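Commentary on secondary and tertiary structure
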Amino acid sequence: MDEKYDVVVVGGGVIGLCSAYYLKHLGASVAVLDKGDYSDGASWVNAGLLVPSHLEPIAAPGVVAQGLKWLADPESPFYIKPRIDMELTRWLWGFQAACTKKNVERAIPVLRDLALASLELHDDLSKLPGFEKIGLTCGGLLMLHNSPKSEKANLALADVAETAGLSIQRLSQSETHDIDPEIRTPMNGSVLFREDCSFDPEQFMRAMVRQLQADGVHLFSQTEVTDFDIESDRVSAMNTTKGDVAADHVVLSAGSWTGPLGRKLKIRLPIQPATGYSITIENPSSQLRIPLIVTDEHVTITPMAGRLRFGGTLTLVGFDETVDERRTLPLRRQVMLYCPEFNTDDTPLPATQSGFRPCTTDGLPAIGMANNWKNVVVATGHSMLGMTQGPITGQIVADLITGSQPRVDISSLNPNRF
Ligand SMILES: Cc1cc2nc3c(=O)[nH]c(=O)nc-3n(C[C@H](O)[C@H](O)[C@H](O)COP(=O)(O)OP(=O)(O)OC[C@H]3O[C@@H](n4cnc5c(N)ncnc54)[C@H](O)[C@@H]3O)c2cc1C
């Protein structure tokens, strides 16, 4: 290829595409290199929830104890494949050390500010021509409970959200049904998180690719970055499966793959791919008005135009794309409630899709300049919130490269903190 750009973005998931968008709008020449066709990452298969309500990082007190209990249950939403893997061992060590009240208290305002700022940008993007099909809907999200345990968890999160200044409503069973009479999941109440939104992530990704092409961003699919050329304290070029691409600045935004890629540059990023599953029903026989989280089953249900998507599970099995059918049972139970046509043997369920959430040890993303290089920005580790935080991350990346002050405080997102 032998071309040179102001900025080369490595990885074309939501983070890479949003970074390219804001960089281009600040006048840079930008190329995005993706080892697939932008659809291989987590950004296509996720639940499409844009959620300020998700205020607590996955590294929180009690998570390790709960995780250990779940390990013995083949249907549980959480699983770690036992294996000898030094990166996983180091990650688990760092993760359990971060499961503290202090980590949660530090993360809450950061996650809130990122989400709220990003929602403003999502709103702007959704108004661009060509973004009509993403179906951005901001009518809130219901977290349903049907047991004392899930009720306690939902109400505790409601308290945290209220203290953080979010608008919530604690609802009885009948008040929940008033909001959406189509809810079929057994429940005795819910919490409504009013600021939450949702969209169709696949349509968003398609619209972003079209937008970047129209804006003159150079998009290289099937182009895997395998190594880097170095000149003193700068990365001068990416070595790819299609030749070298030179750059003044580099953005490392390869999702879960940023860990191994960063190691080639001696950037230590403790990131594990945390596998999640989703099942999408096209033209479902019933449709919801509002997205749901079924807290007892750890399943999300998102209505999208002409589709209903069921998502869940978090397994640490490395980069293994094999679907563990037992762990899809909670998702399938919910599918059967809303789409009983799949209860017959004649109508097989659509294939389960999987994606790797890039999870850091403390549950916060890593966004900032890499210490050991003058021209490398890291933007990854968004865990369960990459769709929510995509646009604000892209804007922060553009600010960092052009020397502007990001609009949110990013001190706790420093990629050199690990
Ligand atoms: C089941 C599920 C449900 C989820 N639900 C939600 C939700 O409701 N709301 C929310 O906010 N988030 C959700 N998430 C999380 C969200 O999807 C991720 O945080 C986000 O997609 C991560 O984006 P990314 O751009 O960092 O990585 P990815 O989307 O994984 O993209 C990384 C890209 O880098 C490319 N790449 C990798 N290595 C190389 C290389 N060497 N050279 C070139 N390219 C490379 C890959 O091909 C890929 O396209 C969910 C995730 C899953 C799995």
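Preceding this paragraph is the structure being described.
Below: a short report on this structure. Everything numeric here is computed off the predicted structure, so don't read it as measured data.

Quick word on the overall build of the chain
Within the chain, the regular secondary structure consists of 10 helices and 19 strands. For a compact globule of 418 residues, the expected C-alpha radius of gyration is about 22 Å, and the chain comes in at 21 Å, within 12% of that figure. Along the first, second and third principal axes, the C-alpha set of the chain runs to 65 × 45 × 45 Å. A separation of at least 24 residues holds for 77% of the contacts in the chain among residues at least 6 apart in sequence.

A look at the site of the ligand
Gly13, Gly41, Gly255, Gly276 and Gly386 are the nearest of the 45 residues found near the ligand. Elements supplying a minimum of two residues to the shell around the ligand: helix H1 (14-25), strand S13 (271-282), strand S17 (353-360) and helix H10 (386-402). When the residues that make up the shell around the ligand are grouped by side-chain class, the tally is 19 nonpolar, 21 polar and 5 charged.

Description of the packing of H1 against helix H7 (residues 201-215)
Two numbers describe how H1 lies on H7: the axes approach to 10 Å, and their chain directions differ by 30°. Between H1 and H7, the crossing angle belongs to the class labelled roughly parallel. Here the hand of the crossing between H1 and H7 comes out left-handed. Each of Val14, Leu17, Ala20, Tyr21 and Lys24 in H1 lies in contact with H7, whose residues at this interface are Met205, Met208, Val209, Gln211, Leu212 and Asp215. Looking at side-chain class alone, the contact of H1 with H7 contains 8 nonpolar, 1 polar and 2 charged residues.

Regarding the environment of serine 167
Topologically, serine 167 is positioned in the loop between helix H5 (148-163) and strand S6 (168-172). Put simply, serine 167 and tryptophan 93 are 74 residues apart on the chain and 36 Å apart in space, counted from C-alpha to C-alpha. Apart from the residues within four sequence positions on either side, serine 167 is in contact with Arg194 and Glu195.

Overview of unusual backbone geometry
Phi is positive for glutamine 222, close to 50°, though the residue is something other than glycine. The residue serine 232 is not glycine, and still its phi comes out positive at about 55°. Owing to 7 C-beta atoms within 10 Å, serine 232 belongs among the exposed residues under this scheme.

Re helix H4 (residues 101-126)
If you check H4, its first and last C-alpha atoms are 36 Å apart, about what 26 residues at 1.5 Å a residue would give, namely 38 Å. Residue alanine 107 marks the point of greatest curvature in H4, where the axis turns by about 30°; the proline proline 109 follows within four residues. The set of residues buried in H4 consists of Asn103, Val104, Ala107, Leu111, Arg112, Leu114, Ala115, Ser118, Leu119, Leu121, His122 and Leu125. Turning to H4, the residues buried within the fold contact strand S3 (49-50), helix H3 (86-98), strand S8 (197-198) and H10.

As for the packing of H4 against H10
Running from N to C, H4 and H10 point in directions that differ by 90°, and their axes come no closer than 7 Å. Classed by the angle they form, the pair H4 and H10 counts as roughly perpendicular. Residues Leu114, Ala115, Ala117, Ser118, Leu121, His122 and Leu125 of H4 lie in contact with H10, whose contacting residues are Thr388, Gln389, Gly390, Pro391, Ile392 and Gln395.

Considerations on the pairing of strand S15 (residues 299-304)
S15 sits mainly inside the fold: 6 of its 6 residues count as buried. Residues Val299, Ile301 and Pro303 of S15 are buried on one face, and the alternating residues Thr300, Thr302 and Met304, pointing to the opposite face, are buried as well. Relative to S15, strand S14 (residues 292-294) is paired through 3 bridges, and the arrangement is antiparallel. Paired with leucine 292 across the strands is isoleucine 301, a residue of S15. With antiparallel pairing between neighbouring strands as the criterion, S14 and S15 make up a hairpin whose turn holds 4 residues, including histidine 298 at a positive phi of roughly 55°. The antiparallel pairing of S15 with strand S16 (residues 307-316) creates a hairpin that spans 2 residues between the two strands, and glycine 306 there sits at a positive phi of about 70°.

Each value, and the rule that gives it
- Residues numbered from 1 in each chain as written.
- Predicted model: local features only at pLDDT ≥ 70, side-chain atom pairs only at ≥ 80, totals over all residues.
- Helix = DSSP H or I, 4+ residues; strand = E, 2+ residues; numbered from the N terminus.
- Rg over C-alpha atoms; globule rule 2.2 N^0.38 Å.
- Contact = placed C-beta atoms within 7 Å.
- Near = placed C-beta within 6 Å.
- Nonpolar A, V, L, I, M, F, W, Y, C, P; charged D, E, K, R; others polar.
- Axes fitted to C-alpha atoms, helices over the stretch in contact; angles between N-to-C directions.
- Parallel < 35°, antiparallel > 145°, perpendicular 65-115°, else oblique.
- Left-handed = near helix turned anticlockwise from the far one by under 90°.
- Buried ≥ 20, exposed ≤ 12 C-beta atoms within 10 Å, placed from the backbone.
- Expected span 1.5 Å × (residues − 1).
- Bend = angle between axes of the 7 residues up to and from the residue.
- Pairing = 2+ DSSP bridges.

Remember, this is a structural readout, not a statement about activity or role.
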